[in-house]
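One letter stands for each residue in the lines below.
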Amino acid sequence: MPSPLSADRPAPQPPERDAVDALIHRTRRLRGDVDAVRRDAVLVDEDDPRMRWQRALCELAVNHLDDLGTHLGQLREGLPEEPERPSREETTTAEPQGSLIARVGSAEWNLLTDEVSWSDELFRIFGRAPEAGGLSLDDLPSTLLPEDQPLLTALVTDCLVDGKPINGEFRIRHTDGRVRTLHMMGEPVLDSDGCTASMWAVLRDVSALRRSQQVVRRTHESLRREQHIARTEHRVAVELKEAVLPPWQSSLRLPHHGPGTLDIAAHYLPSETSALVGGGWYDAMELPDGRTLLTVGDLTGHGIQATSAMAVVMGALRGMAVAGIEPGPLLGHLNQLLETSIQPALGSAVCCRFDPATRTLDWAQAGHPAPLLFRDRTGRPLPLPDGVLLGAASGVAYEQDEARLLPGDVLVLHTDGLARDDSSGHGGARPGTEALLGLAPRFAEARSAQECVRAVVEEFGAAERLDDACVLIARVGA
């Protein structure tokens, strides 16, 4: 225990026992609360860097609170009775225990008599037999790692020469070969003439505490790296999606001339957090024979992998449509493409081909919601032809259907994320789909496809979505 700086100074009075008991009680309650959080953290995903960092912080907090509780316990009990000195065998083989008492030792070096006094705990910390005696201030640095020896020498010199208190840490090589970190606090003891007569110090083994802090630092650094990678991947995925999706979102007229022109508009709606960039797409293009391709789809997954796969699918889809392949066989080829790709994925899609001369719509779908047809202020889904998810099975044939459109009709193609709902509404339709169908009066009054898209965004834009969504609307001209 520390000695007073001067014999003339009155000894400090111990704190009230009831006040210390209250602190101990509050510390134990707080320790229990933190421990409960720590136990919950153990159940989380080990691969999540944020969870690893939180668990490490809990471990460190519990470590601090355990030490605080033991400190307060010692403060309440006062000076412990002098224990019997252990045998040489017990001293040299015993491992410092988990309690704070076993990790804190004291020492005093008398500069006048060269007497060295070490507590039993300090002998255990250094793994030194009491019969060998305590180390002098000259010999103490020899137990430190070479790179830490100058630090201890400077601390002791400043204390003895300038009267500065000691407060520092260093590492020692224990007799068991392991490295331990010690925190040392001490002060000079002055005689009646104000000269340094001795030096006392309290040394604490903080190895476990520092290891916990290192784990916190490592997990925090790992979390920061993961967050940086996630932000970078998100930015790349967004840029790739913006580069691949058609640059138009306002009205597009296809074909550019002639009867039966489609007025087309589309919109991309991000997920609730905007952090999940999925593989949803929309596209429309005029084909060489004058017909128009309309397509909407979505691939599983998020991030760069999903958006890069989306780019591949859109390129293949456009190429096959230009080559004149009909919607049903086209989806069959896309299914084979996804199934045999290096990074297999599942996807849903609807592919339509509109002939302005006859106003017929040939279309097929692969596990995707049917297009919604709005006419005379009412809406309905088109009868769904057979078609499984893309990439789900080999050698699948996709059924193709045909619908006749009229001037003024509005056709809505959307991904499942726009109106997803697992429950069923009236007539087996999903509530989300019913909300879309409920927009029929607004679509009838709209003067363009862009106004129809605006109505959809007003209806679904503020809704909570776990996934991003795409919608494409085509309005048949006279």
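Heads up: the structure comes first, above all this text.
Because the structure is predicted, anything quoted here is derived from the model rather than measured.

What follows deals with the overall build of the protein chain. Helices and strands together make up the secondary structure of the protein chain, namely 11 helices and 16 strands. Within the protein chain, the fraction of its 478 residues that count as buried is 43%. The long-range share in the protein chain, meaning contacts at least 24 apart out of those at least 6 apart in sequence, stands at 64%. Within the structure as shown, the protein chain displays about 24900 Å² of accessible surface, and the carbon and sulfur contribution to it stands at 53%.

Turning to the sheet that holds strand β16 (residues 469–476), a few remarks are in order. Paired through their backbone hydrogen bonds, the strands of a sheet run either parallel or antiparallel. Pairing within the open sheet is antiparallel, and its six strands lie in the order β6-β7-β16-β15-β12-β13. Each having just a single partner strand, β6 (252–254) and β13 (378–381) make up the two edges of the open sheet. Across the sheet, the mean angle separating the axes of adjacent strands is 25° when strand polarity is ignored.

A general feature of soluble globular proteins is that nonpolar side chains tend to end up buried together. Core analysis: the largest hydrophobic core is formed by 49 residues, its most contacted members being I264, W281, L294, L361 and L472. Tallying contributions element by element places helix α7 (residues 304–322) first for this core, with six residues. Aside from chain neighbours lying at most four places away, what touches L294 is L262, I264, D283, A284, V350, C351, C352, L411, L413, L472 and A474. Counting 23 residues, the second largest nonpolar core, distinct from the first, contains W109, W118, L144 and L203.

A separate point is the packing of aromatic side chains. One pass over the structure, following the stated rule, counts three aromatic pairs. Both rings, one in W118 and one in F126, keep their centres 5.0 Å apart while their planes meet at 40°; by these two values the pair is tilted. Relative accessible area serves as the criterion here: at 6%, F126 is assigned to the buried category. Between F374 and F443, the ring centres sit 4.7 Å apart and the planes meet at 85°, which makes this aromatic pair edge-to-face. In this pair, F374 sits in strand β12 (residues 372–375) while F443 sits in helix α10 (residues 440–445), placing the two residues 69 residues apart along the sequence.

Cut-off values and rules
Residues numbered from 1 in each chain as written. Predicted model: local features only at pLDDT ≥ 70, side-chain atom pairs only at ≥ 80, totals over all residues. Heavy atoms only, no water. Helix = DSSP H or I, 4+ residues; strand = E, 2+ residues; numbered from the N terminus. Buried < 20%, exposed > 50% of the residue type's maximum accessible area, 1.4 Å probe, protein only. Contact = heavy atoms within 4.5 Å. Areas by Shrake-Rupley, 256 points an atom, 1.4 Å probe, with all protein chains shown as cover. Pairing = 2+ DSSP bridges. Axes fitted to C-alpha atoms, helices over the stretch in contact; angles between N-to-C directions. Core = buried A, V, L, I, M, F, W, Y, C linked by side-chain atoms within 4.5 Å. Phe/Tyr/Trp six-rings, centres within 6.5 Å; stacked < 30°, edge-to-face > 60°.

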